[in-house]
Structures are given as structure tokens and as C-alpha cells.
Amino acid sequence: MSSFVNVLKQADIFVEMAPAQLDLISSLCEEKRLNTGDIVFEENSLSDELYIIGQGEVEIQVDPSLVSGEALPTKGSVTIATLRRGQSFGEIALVDQGLRSATARCAQHGTQLLIIPRDKLMVLCDTYPQLGYRLMRNLAADLSLKIRNTDLRIREELLYGQRR
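Computed from a predicted model, the values in this text were never measured in an experiment.

Draft legend 1. Representation of the layout of surface pockets in the model. If you add up the space inside the largest pocket, you get close to 1300 Å³. At the level of secondary structure, the elements contributing two or more residues to the lining of the largest pocket comprise β4 (57–62), α3 (64–68), β5 (78–84), β6 (88–89), α4 (92–95) and α6 (129–161). A per-element tally of the lining of the largest pocket places α6 first, with 14 residues. Residue composition of the lining of the largest pocket, grouped by class: 21 nonpolar, 11 polar and 10 charged.

Draft legend 2. Representation of the environment of Gly98 within the structure. Here Gly98 lies in the loop between α4 and β7 (103–106). In sequence terms Gly98 and Leu46 are 52 residues apart; their C-alpha atoms lie 6.6 Å from each other. In contact with Gly98, other than residues within four places in its own chain, are Ser45 and Ser47.

Draft legend 3. Molecular detail of the pattern of salt bridges. The full count for this structure, using the stated rule, is seven salt bridges. Ionic pairing is found between Glu31 and Arg33, a salt bridge with its closest N-O pair at 3.2 Å. A salt bridge links Asp151 to Arg155, with the shortest nitrogen-to-oxygen separation between them at 2.9 Å. A residue pair is termed a helical-turn pair when its members lie 3 or 4 positions apart in one helix, as Asp151 and Arg155 do in helix α6 at four residues. Accessibility expressed as a relative area gives 34% for Asp151, which makes it partly exposed. Looking at Arg155, the relative accessible area reads 54%, which means it is exposed.

Draft legend 4. Summary view of the packing of helix α5 (residues 118–127) against α6. In contact at an axis separation of 5 Å, α5 and α6 are set at 120° when each is read in the N-to-C sense. The angle between α5 and α6 falls in the class oblique. On the side of α5, the interface is formed by Leu121, Met122, Leu124, Cys125, Asp126 and Thr127, while α6 contributes Pro129, Leu131, Gly132, Leu135 and Met136. Its residues assigned to classes, the contact of α5 with α6 shows eight nonpolar, two polar and one charged.

Draft legend 5. Expanded view of unusual backbone geometry. Look at Glu16: it is not a glycine, yet its phi comes out positive at around 65°. Mapped onto the fold, Glu16 is located in the loop between α1 (2–10) and α2 (19–26). Owing to a relative accessible area of 55%, Glu16 belongs among the exposed residues under this scheme. Unusually for a residue other than glycine, Asn44 sits at a positive phi of about 70°. Tracing the backbone through its elements, the reader meets Asn44 in the loop between β2 (39–41) and β3 (49–55). Residue Asn44 is classed as partly exposed on the basis of its relative accessible area, which comes to 43%.

Draft legend 6. Local environment of the packing of aromatic side chains. One pass over the full model with this rule turns up three aromatic pairs. Judged by centre distance (5.5 Å) and plane angle (45°), the ring pair of Phe41 and Tyr51 falls under tilted. You can see Phe41 sitting in strand β2 and its partner Tyr51 sitting in strand β3, a full 10 residues away along the chain. On the basis of relative accessibility, which here comes to 11%, the residue Phe41 falls in the buried class. Summarising the aromatic geometry, the rings of Tyr51 and Phe89 are spaced 5.0 Å apart at their centres and angled 10° between planes, so their arrangement reads as stacked. Of this pair, Tyr51 sits in strand β3 while Phe89 sits in strand β6, and the two are 38 residues apart along the sequence. Residue Tyr51 is classed as buried on the basis of its relative accessible area of 5%.

Cut-offs applied
Residues numbered from 1 in each chain as written. Predicted model: local features only at pLDDT ≥ 70, side-chain atom pairs only at ≥ 80, totals over all residues. Heavy atoms only, no water. 1 Å grid on protein atoms, 1.4 Å probe; cavity = no way out; pocket = protein on both sides within 12 Å on 5 of 7 lines; lining within 4 Å. Points joined across faces, edges and corners; volume = space filled by probe spheres on them. Helix = DSSP H or I, 4+ residues; strand = E, 2+ residues; numbered from the N terminus. Nonpolar A, V, L, I, M, F, W, Y, C, P; charged D, E, K, R; others polar. Contact = heavy atoms within 4.5 Å. Salt bridge = Lys/Arg side-chain N within 4 Å of Asp/Glu carboxyl O. Buried < 20%, exposed > 50% of the residue type's maximum accessible area, 1.4 Å probe, protein only. Axes fitted to C-alpha atoms, helices over the stretch in contact; angles between N-to-C directions. Parallel < 35°, antiparallel > 145°, perpendicular 65-115°, else oblique. Phe/Tyr/Trp six-rings, centres within 6.5 Å; stacked < 30°, edge-to-face > 60°.

Now the structure itself:
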């Protein structure tokens, strides 16, 4: 169990958590090991888990044809981010339980993921409001950073994509 706490300590989403809070969260974790090419989840699938990378890499990919409904010059999925140790993904599931907005694919052999089920984490947040507040504040900061990075990529594409 303590190895889970060590992974959680590295995750931005759990920054400033007390050791006792990390122990509680680690008790919810399940470990999964994946190899290159393994799919963690598919775009537009149901979502109810948060993932923390303990080691390895995960690529976040989108399929442009799912948005436009037609085949585009790009074939297949496009990698929009590569995540590494200490980073989380699947956070939107904690907020709205909507469909996954991207595919998560393992990019390195022996990738270790910690999986935290939404329902159990929400019970923990309700039971320990201070933990819940800190987690939601960190979650908001993490999602804000990801939105800003996405906004920057869109601006770059609009600016430089028109010059091609």
C-alpha cells in the first residue's frame, strides 16, 4: 500500500495532501500494468475512473473524424499529449461522468497506472470535506492548466495552419 502513497505524492492532483489523506486515497487504488499499444480507454466510452501514472507514459489521442463525421487527411488518431509519471488523466469523469473526450493509449512497456473509482473517491470526499475541498481545488487547477495548453495549441494551429 505504501508504494501507492509514494505514487500519489508525486501527482499534482494530490499536492498539499496530508499523509493521512494520502493513506485514505491509496486505500481506494487499484494497480494496472500495461504495455506499449494497450488501450486504457477509448474516446466516447463511459467514464468513471481517475488514472495516475506511477511509471511509464500514456498518450492522449483524439480521432478527428469523430468530430467532423468525415475522413480527414490525417489518418486515424492524433496524439495531443504525452503524459508521464505523476500526471493524472480521466479527471473529467470526476466532474461530469460524461463520455471520454479522448483515447488513452499506453506508450511505454511496463507502464504502471493507479486507478481510482469515482464513486469511492466521492464518498471519501463527502466523508472528509477538507480532503474533498483540497482535491477539488487541485483538480480545478489541473484542468485549468490543460485547458490553457489546449487553447494555446488551437491558437497556434489557427495562426500557423493558415500560413501553410
